[in-house]
Amino acid sequence: MPIFILRRFAVLALALLVVTFLVFLIPYIGETDPVRALARARFGRLDLDAATIEALRLELGMHRPLIVQYLDWLRSAVTGDFGNSYMSREPVVEQVWSALKVSVVLTLASLGFAFAVAVPAGSIAALRQGGSFDMATKSLSQAFVAVPEYWLAPMSILVFALYLGWLPSAGWRGPESVILPALALSLRPMGYFTQVMRASMIDVLNSPHIVAAHSRGLSVRRTLIAHGLRNALLPVITLFSVWMAGLLGGAVVIEVIFAVPGMGRLVYSAIVNGDIPVLQAGLVAIVTLAVVINTVTDLAYTVLNPVVRIDNATA
Amino acid sequence: MNAQNCLKAVPALLRGVAVAVMIGPMAVSASAASGGKVIFGELFTPASGWAVETIDAYVLSRAGCLEGLARMDYDATIKPALAESWEQLSPTEWEFQLREGVTFNDGTALTPQVVSDQLNRLLNVATPPPGFSPSVIESVEPAGERVVRIVTKAPDVFVPNRLASPNTGILSPAAFAGDRINPVGHCTGPFEIVREIPRQGLELKRNENYWGGEVQLAEGEVRYIPDGQVRSMMVETGEIHIARQIPAAALAQMERSQKLKVHTVEAPRTTSLYLNNRRPPLDNMKVRQAVQSAIDVAGIAEAVYEGSVSPAVGQFSPNTPWAPENASVIPQDLERARQLLAESGVPASELRLELLAYVERPVLADLAAVIQFQLQQLGMQVNIRVSEYGAIEPQLLSGDFDMVLLSRGYLTDVADPIGTLAEDYGCNGSYNLAGFCDPEVDAQLERARALVEPEERNAIYRDIAARLQEEAVNVFLIHETISEAVANTVENYQVHVYERTAFHKDLEVNSL
């Protein structure tokens with residue numbers, strides 16, 4: 001087990017190093033001059049004279065060779081100092097931390113909704129395979145996967161905010177404001193979770209140990225809870241961790257439409273504005289979390305599944 | 001419990017669910033006090049740490065917090081603000097008499113030294129605002145108990161104009177005390193910022209000691225809502241009272257609403273097809289005029305913009321004093337266009353042009369497709385390339401393009417088109433994409449810079465505008481408008497087309 005954990009941490013460090021370098025290169029490999037993008041964002045105008053651009057380039061140290069800039073940045077980043085935003089001149093860490101808190105709440109709320117619906121729905125559909133509930137679950141889950149967020153989000157605002165007046169349209173000002181964006185964000189993972197849960201539960205229900213439990217006289221409910229659910233949940237947990245990592249920084253559409261000040265919007269604005277330190281710190285935070293979540297998932301797997309535990313112990 | 005009761009219980013249930021899933025406490029909006037509260041839906045999220053030289057200053061200005069020595073009124077006239085009067089002592093020297101008894105929210109008095117320190121700070125930042133930079137301003141210094149003297153490098157009649165920009169707004173010295181600029185409690189305007197919620201908004205309360213008199217509203221709030229459709233829906237649901245810049249697609253719905261008024265005003269901004277006058281075939285005036293005649297600007301205003309804008313009569317809107325008298329829309333005339341092409345002597349094989357547009361303004365992609373179709377009727381082959389502005393900018397600045405669609409404001413640093421005319425059409429203009437260069441026009445602009453009387457300057461601008469249209473230097477397509485939706489309960493609100501004022505002392509709200 002300790003070797004397994006050490007190996008996971010080595011992978012994490014290597015992944016971060018590669019990612020930081022790629023992230024650092026992003027602003028320079030596009031067609032846009034990041035200094036000009038930054039100047040446009042600061043002054044809100046297209047006609048910028050060359051003197052302004054060069055003054056800004058010097059101020060930010062962006063006239064230095066790329067590798068010098070990268071090593072400088074990496075040295076500071078290792079100590080947790082990601083520098084100041086080119087736009088606001090404020091410490092990047094504060095901006096990223098503030099956005100990350102919002103994204104964690106939004107992601108957990110949306111995946112919580114998805115999980116809470118998908119696990120019972122998928123299980124019941126598997127138990128009533130071919131029945132009307134199963135058919136309805138299959139159709140709905142496919143529809144949930146297909147509905148684009150840019151359509152769903154305004155529609156949910158129209159229905160729940162405009163016509164029914166139950167919830168605020170946008171913003172991040174209290175518990176009510178979490179519901180609509182979280183629901184809109186939860187639909188697609190809900191569809192996937194339901195489909196995977198159903199398929200996984202069907203597999204488990206047909207496995208020899210469940211058949212044996214039945215033959216020993218255990219009720220369907222006890223068999224499902226004691227033996228079926230735990231095994232059937234494994235693929236859903238994997239999916240949960242993948243979505244968790246993805247949604248932390250990938251909810252840009254939802255965050256823009258609902259004016260949620262999360263990581264997706266922060267990173268998107270940083271790209272548009274040429275705010276390289278924010279972009280770098282934001283992406284590093286997202287990737288770090290993704291790798292950490294994957295590591296935690298692997299560890300959770302070893303707890304939930306004895307076969308994986310044995311494999312890791314012998315590796 | 002019947003169905004109606006069930007429906008009534010849903011919001012409470014949803015709130016309960018939300019509380020259960022929340023991690024950590026979150027801010028809950030405060031209730032309105034006497035005098036009422038107005039919530040303003042702002043499309044722009046400040047990101048430059050309240051640096052006064054950046055567009056963040058406009059948000060502070062609209063919030064009724066930041067003021068400068070002068071202010072620009074709704075009709076673009078320059079009025080006194082923190083300075084009660086000014087005088088031009090010589091072509092390069094100005095004196096501003098500060099208003100007596102003005103204090104910042106923190107109690108600090110407004111003095112010539114405070115003003116001078118801040119304007120000098122602006123001159124010394126790495127990237128000063130273009131309208132108040134060391135290339136224009138020689139010095140700023142206190143010159144008496146209530147006097148600030150400003151000396152310019154060259155004769156300049158626009159100094160009060162420059163000082164009406166939010167970029168030259170004055171904050172209390174305490175705002176600069178920390179390692180970041182903090183406008184909370186450090187303004188002079190009718191409203192004081194009491195709390196900043198990062199990337200979400202500002203909470204305001206009235207300034208009880210406002211120099212301009214009693215402020216009607218008790219509270220205010222600015223909410224940053226970047227999506228236009230969401231701003232529209234929020235003003236419809238009553239979550240906000242005023243929504244800035246309503247998208248054209250939402251206008252019809254807004255106008256049908258019984259609870260709202262939609263204010264639409266013409267903005268000092270024109271969308272044009274910029275033509276590269278430096279290289280063939282568009283270096284030929286007849287070809288440019290043919291392009292101009294082939295484009296149906298009235299149809300574009302009606303179809304592409306759903307009638308929410310007006311077709312262009314030239315560089316400037318007909319409602320401004322800079323549009324030539326009797327300026328009118330050039331109607332589409334394909335016969336004339338074909339004749340002009342024939343007169344140009346340019347063979348059809350050379351009429352292959354690339355048309356650039358940028359994605360930051362989504363309508364430009366549709367506009368490009370319409371123009372492509374209309375020019376194809378002349379036998380021109382037009383390839384469209386739509387990209388981020390940053391990606392096409394190097395091509396534009398180096399003159400390596402044929403045509404580009406651009407939306408440009410013509411009053412940027414000062415409320416006078418001299419800046420835009422010089423940058424876009426002066427031989428040494430930094431944004432002269434068309435490559436237009438005529439020493440006669442340069443001389444006219446130089447003359448205008450020294451003219452104190454606006455009407456004398458305006459005559460020159462009208463002359464230049466007529467020339468640009470006549471020679472089809474660019475094809476001017478539409479004059480843009482700004483539409484804002486305002487709840488019926490709000491009183492004394494007016495759209496400021498120069499985007500400087502929203503919260504002012506007379507703004508009021510009736511109870512909902």
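Thresholds, definitions, all that
- Residues numbered from 1 in each chain as written.
- Chains lettered and ligands numbered in written order.
- Predicted model: local features only at pLDDT ≥ 70, side-chain atom pairs only at ≥ 80, totals over all residues.
- Helix = DSSP H or I, 4+ residues; strand = E, 2+ residues; numbered from the N terminus.
- Rg over C-alpha atoms; globule rule 2.2 N^0.38 Å.
- Buried ≥ 20, exposed ≤ 12 C-beta atoms within 10 Å, placed from the backbone.
- Contact = placed C-beta atoms within 7 Å.
- UniProt positions renumbered as here; feature names shortened; annotations may be inferred.
- Pairing = 2+ DSSP bridges.
- Axes fitted to C-alpha atoms, helices over the stretch in contact; angles between N-to-C directions.
- pLDDT = per-residue confidence, 0-100.
- Domains from an automatic or database assignment.
- Nonpolar A, V, L, I, M, F, W, Y, C, P; charged D, E, K, R; others polar.
- Expected span 1.5 Å × (residues − 1).
- Core = buried A, V, L, I, M, F, W, Y, C linked by C-beta atoms within 7 Å.

Draft legend 1. View of the overall build of chain B. Within chain B, the secondary structure is distributed over 14 helices and 19 strands. What you see for chain B is a C-alpha radius of gyration of 25 Å, in line with the 24 Å of a compact globule of 512 residues. With respect to the principal axes defined by its C-alpha atoms, chain B has extents near 75 × 75 × 40 Å. Across the 512 residues of chain B, 48% fall into the buried class. Looking at chain B alone, contacts between residues at least 24 apart form 69% of all its contacts between residues at least 6 apart.

Draft legend 2. Just the UniProt feature "domain: ABC transmembrane type-1" (unreviewed entry) in chain A, in detail. The positions UniProt marks with the feature "domain: ABC transmembrane type-1" (unreviewed entry) are residues 100-297 of chain A. Spanning residues 100-297 of chain A, this segment combines 84% helix with 0% strand, and its end C-alpha atoms are found 20 Å apart.

Draft legend 3. A look at unusual backbone geometry. All names here are of chain B. Pro281 follows Pro280 through a cis peptide bond whose omega is 0°. Locating Pro281 in the fold gives a position in the loop between strand E12 (260-275) and helix H7 (285-294). Residues other than glycine seldom take positive phi values, yet Gln245 does so here, at roughly 45°. In this fold, Gln245 is placed in the loop between strand E11 (242-243) and helix H6 (248-256). Accessibility expressed as a C-beta count within 10 Å gives 19 for Gln245, which makes it partly exposed.

Draft legend 4. Region of interest: the sheet that holds strand E5 (residues 93-98) of chain B. Residues and elements named next belong to chain B. Judged by pairing direction, the sheet is antiparallel, and its 4 strands sit side by side in the order E4-E5-E7-E6 without closing on themselves. In this open sheet, the two edge strands, each paired with only one partner strand, are strand E4 (83-90) and strand E6 (137-142). With direction set aside, neighbouring strand axes in the sheet form an average angle of 20°. Where E4 lies against E5, 6 bridges are found, and the strand directions are antiparallel. Looking at the pairing, Gln88 lines up with Trp94 of E5.

Draft legend 5. Quick peek at the confidence of the model for chain B. Residue and element names in this part refer to chain B. The predicted model of chain B averages 89 in pLDDT, with 93% of residues at 70 or higher. Here residues 1-33 is a poorly scored stretch, pLDDT under 50, and it has 34 contacts once near neighbours within four places are set aside; other chains count. Both confidence scores are given for the complex: pTM 0.78, ipTM 0.70.

Draft legend 6. Representation of the domain arrangement of chain A. Residues and elements named next belong to chain A. As assigned here, chain A comprises domain 1 (2-91) and domain 2 (93-314). Taken over C-alpha atoms, the centre of domain 1 sits 31 Å from the centre of domain 2. Domain 1 puts 26 residues into the contact, and the matching count from domain 2 is 20 residues. No other element matches the 11 residues that helix H1 (residues 2-29) contributes to the side of domain 1 that touches domain 2. In terms of residue class, the side of domain 1 that touches domain 2 is made up of 19 nonpolar, 5 polar and 2 charged.

Draft legend 7. Structural context of helix H7 (residues 149-163) of chain A. An ideal rise of 1.5 Å per residue puts 21 Å on 15 residues; H7(A) measures up with 20 Å between its terminal C-alpha atoms. Turning to H7(A), its buried residues number three or more, namely A:Ala153, A:Ser156, A:Ile157, A:Phe160 and A:Ala161. Check the buried side of H7(A) and you find it contacts helix H8 (176-205) and helix H11 (252-257) of chain A together with helix H5 (228-237) of chain B. Immediately downstream of H7(A), the backbone of A:Gly165 shows phi near 70°, a positive value.

Draft legend 8. Inspection of the interface of chain A and chain B at higher detail. The interface of chain A with chain B comprises 51 residues on the first partner and 44 residues on the second. Mapped onto the side of chain A that touches chain B, the elements with two or more residues apiece are helix H2 (34-43), helix H3 (50-59), helix H5 (92-127), H7, H8, H11 and helix H12 (263-273) of chain A. Ranked by residue count, the leading element in the side of chain A that touches chain B is H2(A), at 6 residues. Here the residues of the side of chain A that touches chain B are counted per class, giving 27 nonpolar, 12 polar and 12 charged.

Draft legend 9. Representation of the environment of B:Ile193. Residue and element names in this part refer to chain B. Counting through the fold element by element, Ile193 comes out in strand E8 (residues 191-197). Among the residues examined, Ile193 registers 25 C-beta atoms within 10 Å and is labelled buried. Sequence separation between Ile193 and Ala249 is 56 residues, and the spatial gap between their C-alpha atoms is 33 Å.

Draft legend 10. Expanded view of the UniProt feature "transmembrane region" (unreviewed entry) in chain A. Residues and elements named next belong to chain A. The UniProt entry lists residues 9-30, 104-127, 148-166, 232-258 and 278-301 under the feature "transmembrane region" (unreviewed entry), expressed in the numbering used here. Secondary structure content for residues 104-127 is 100% helix and 0% strand, and the end C-alpha separation is 34 Å. Its end C-alpha atoms 23 Å apart, residues 148-166 is made of 79% helix and 0% strand.

Draft legend 11. Expanded view of the nonpolar core. With 233 residues, the main nonpolar core has A:Leu106, A:Phe193, B:Ala63, B:Ile242 and B:Val291 as its most contacted residues. Here this core spans two domains, since at least three of its residues come from each of domain 1 (2-91) and domain 2 (93-314) of chain A. With near-sequence residues (within four places) excluded, B:Ile242 lies in contact with B:Val38, B:Phe40, B:Gly41, B:Val235, B:Glu484, B:Val486, B:Val490, B:Tyr493 and B:Ala502.

Draft legend 12. The arrangement of the pairing of E6(B) in detail. Residue and element names in this part refer to chain B. As paired elements, E6 and strand E7 (residues 147-152) share 5 bridges and run antiparallel to each other. Residue pairing in the sheet places Ser139 in a bridge with Val151 of E7. Joining the antiparallel neighbours E6 and E7 is a turn of 4 residues, in which Gly144 adopts a positive phi near 140°.

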